[in-house]
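Below, each chain spelled out in residue letters.
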Amino acid sequence: MVLMLVLLLPTVGMAQDSRDHNFQVAKNLEIFNAIYRNLDMMYVDTLNADEVIGTGVNAMLRSLDPYTVYYPESEVKDLKMMITGKYAGIGALIRYNAKLKRVVIDEPYANTPAADAGLKKGDIILSIDDSITVNKDVAYVSSHLRGDAGTTFALKILRPSTGKTLTKKITRRPIQMPVIPYYGVMEGNIGYINLNSFTEGCSKDMRRAFVELREQGISGLLLDLRGNGGGSLDEAVHIVNMFVPKNITLVTTKGKLVRANREYKTTKEPIDTEMPIVVLVNGETASSSEITAGSLQDLDRAVVLGTRTYGKGLVQTPLELPYNANLKITTSKYYIPSGRCIQAINYKHSRGGYTEHIADSLTKVFHTSCGREVRDGGGIKPDVEIQPDSLPNIAFYLGSTGRDTTEVMFEYVLDYINSHPTIAPAGEFDLTDSDYEEFKQRVIKSGFTYDPETEKALNSLKKLATFEGYYEGAKAEFDALEAKLKHDIGRDLDRNKEVLKNLMRADIVAAYYFQAGAIENSLPTDKQLKEAIALLRNTERYKSILGKPAK
């Protein structure tokens, strides 16, 4: 009888907890409904139900993780685009020009309606059919450029290079964002593939690119997942399956519902299990990208190089709602081959991804196939950590679009393009010293200014020293330091010459050779890429990082 009581107590407690939970849910839903009914009946102004209820729904979701998102009917197309990578439009990046107070064409994609219509970087968008675009933001213009495939509209533009107003008849087409904008053979016979998303079907593109590179005789592969925010879990599994044997469990998902608990295994014979691979990652490598990098790391099939990844170990499922709305809801966590979950420990909405640095003592140790230690606690920690070159403050301000004077770099790039009908091949193009000197003088004459962080820090230190009574005694030292840190645009432009040239070079090359050309041009100055190539060419170091295969 005593034993029976011990066994029944948890059941009674669980039933009580379930009743309490259900009561709390019913109570709060009734309160919410009562609040809205009374607002709608008594509030001084007429309520917009979509806006008020939508705000309530979004506030509720903000108490959860950043990936559970409500899509009303008007925004469901954005969800579909995120999943498939496809949309119907013209196929071009646009940007807001603060000086013109207009949205302009920034970069047409290759083989799209924008490219076919002859749109160029810098074209000022004046109107879309009857919609005037003056003082309209990027979101407004983008929503009008998109539409149903097959529909035609009139796009009126002003081309700064000629001063002419042109009207283009453009028919919207389904646009597939390029998932592999560039791949090729690098120095030392190393293959390089830039994969920028995990949309439906990307594994087929990846397979074709790798097979083509292998036929060219590459001896190693660089898989670039930097900036890849992820996408389809199935596609990640298919890509890893290219390099590891059949019937290996890569991902296990665990959630509240039984149907959320799944195992994802490799189902096909691999293409290549021997070729050395280095996977490039950074803080924007997330979700399916982390599954790919983490699985190859856990199975000791590749060396991961770069900086710690984002830390997204949650799986979302689209859920259809009434009236054609949708809810992308987090239904499970995923675990990679070593058994670890790479989700950041604190993943409420206010924290986002890997925003905390947890001491190793607070994380759990797992092991790769060869017995190497790996840990959970947020993101994939690279086997070889290489920090990229940081972007100097002046480059950030010159490249931003918030103020009139920050358009000077954009205007220089446009003038360069307009005065050069052709340029050298993408991989060879560079700006000369005289080109850069011309740009430098333009910046100085434009009156460009920016906020140097060293001056801010010095002023804060002076205030603190004054408050604590140390300033007068150290005034001479403060004055000397202030003189050395004095704002000098010309000096700053000289000091950051190579970085600024790289930024402008990428913009210029994209205008002639599209996104693929811009990537190809940037590779020779890529610090992390150079380290990865050196690692693949050093067979002994590569093997020592992965360890010897377990017996």
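Here the structure is a predicted model, which is why all the values come from computation and not from measurement.

**Student:** What am I meant to see in the overall build of the chain here?
**Tutor:** For the chain, the helix and strand inventory stands at 17 helices and 21 strands. Viewed in the frame of its principal axes, the chain has a C-alpha envelope of about 95 × 75 × 75 Å. Looking at the 551 residues of the chain, the share that counts as buried comes to 43%. Considering only contacts within the chain whose residues lie at least 6 apart along the sequence, 70% involve residues at least 24 apart. Just so you have it, the chain exposes about 29700 Å², and 54% of that area is on carbon and sulfur atoms. Across the chain, 68 positive and 70 negative side-chain charges occur, with their mean positions spaced 2 Å apart.

**Student:** Whenever I open this one, helix α11 (residues 433-446) confuses me. Can you help?
**Tutor:** Side chains of residues three or four places apart in an α-helix project in the same direction, reflecting 3.6 residues per turn. Taking 1.5 Å of rise per residue, the 14 residues of α11 would be expected to cover 20 Å, and the 20 Å separating its terminal C-alpha atoms lies within 8% of that figure. Phi turns positive, to about 80 degrees, at Gly447, one or two residues after α11.

**Student:** Quick question: what am I supposed to make of helix α12 (residues 453-468) here?
**Tutor:** Its 16 residues give α12 an end-to-end C-alpha distance of 23 Å, which sits within 8% of 22 Å, the value for a rise of 1.5 Å per residue. Those residues of α12 that sit buried are Leu458, Lys462 and Ala465. Buried residues of α12, viewed axially, fall in a sector of 70 degrees; they line one side. Exposed residues pointing more than 90 degrees away from the buried face of α12 are listed as Lys463 and Phe467. Where α12 terminates, the next one or two residues include Gly469, which has phi positive at roughly 85 degrees.

**Student:** Explain the packing of helix α10 (residues 408-418) against helix α15 (residues 497-522) here, please?
**Tutor:** Between two packed helices, both the angle of their axes relative to each other and the distance between the axes serve to describe the pair. Interhelical geometry of α10 versus α15 gives an angle of 45 degrees and a closest axis separation of 10 Å. Between α10 and α15, the angle falls in the class oblique. α10 and α15 meet at a crossing whose hand is right-handed. Where α10 approaches α15, its residues Met409, Tyr412, Val413, Tyr416 and Ile417 are matched on the opposing element by Leu500, Met504, Asp507, Ile508, Ala511 and Tyr512.

**Student:** Would you mind going over the packing of α12 against helix α13 (residues 475-484) with me for this structure?
**Tutor:** Taken N-terminus to C-terminus, the directions of α12 and α13 make an angle of 170 degrees; their axes are 11 Å apart at the nearest point. Viewed along their axes, α12 and α13 adopt a mutual orientation that is roughly antiparallel. For the pair α12 and α13, contact is made by Leu458, Leu461, Lys462 and Ala465 and by Phe478, Leu481 and Glu482, respectively. For the contact of α12 with α13, the class distribution of residues is 5 nonpolar, no polar and 2 charged.

**Student:** Which parts of the structure should I look at to understand the sheet that holds strand β15 (residues 277-281)?
**Tutor:** For sheets, the rule is that strands pair by backbone hydrogen bonds, running either parallel or antiparallel. Across the sheet, which stays open at both edges, the 6 strands sit in the order β10-β11-β12-β15-β16-β21 with mixed pairing between neighbours. Of all the strands in the sheet, just β10 (182-186) and β21 (384-385) have a single pairing partner and so form its edges. In this sheet, strand β11 (residues 190-194) lies alongside β10 in antiparallel orientation, the contact comprising 5 bridges. Paired with Val185 across the bridge in β11 is Gly191. Across the sheet, helix α17 (residues 539-546) is in contact with β15, β16 (303-306) and β21; its angle to β16 comes to roughly 100 degrees.

Parameters at a glance
Residues numbered from 1 in each chain as written. Predicted model: local features only at pLDDT ≥ 70, side-chain atom pairs only at ≥ 80, totals over all residues. Heavy atoms only, no water. Helix = DSSP H or I, 4+ residues; strand = E, 2+ residues; numbered from the N terminus. Buried < 20%, exposed > 50% of the residue type's maximum accessible area, 1.4 Å probe, protein only. Contact = heavy atoms within 4.5 Å. Areas by Shrake-Rupley, 256 points an atom, 1.4 Å probe, with all protein chains shown as cover. Lys, Arg positive; Asp, Glu negative; His and termini not counted. Charge placed at Lys NZ, Arg CZ, Asp CG, Glu CD. Expected span 1.5 Å × (residues − 1). Arc of directions from axis to C-beta. Axes fitted to C-alpha atoms, helices over the stretch in contact; angles between N-to-C directions. Parallel < 35°, antiparallel > 145°, perpendicular 65-115°, else oblique. Left-handed = near helix turned anticlockwise from the far one by under 90°. Nonpolar A, V, L, I, M, F, W, Y, C, P; charged D, E, K, R; others polar. Pairing = 2+ DSSP bridges.

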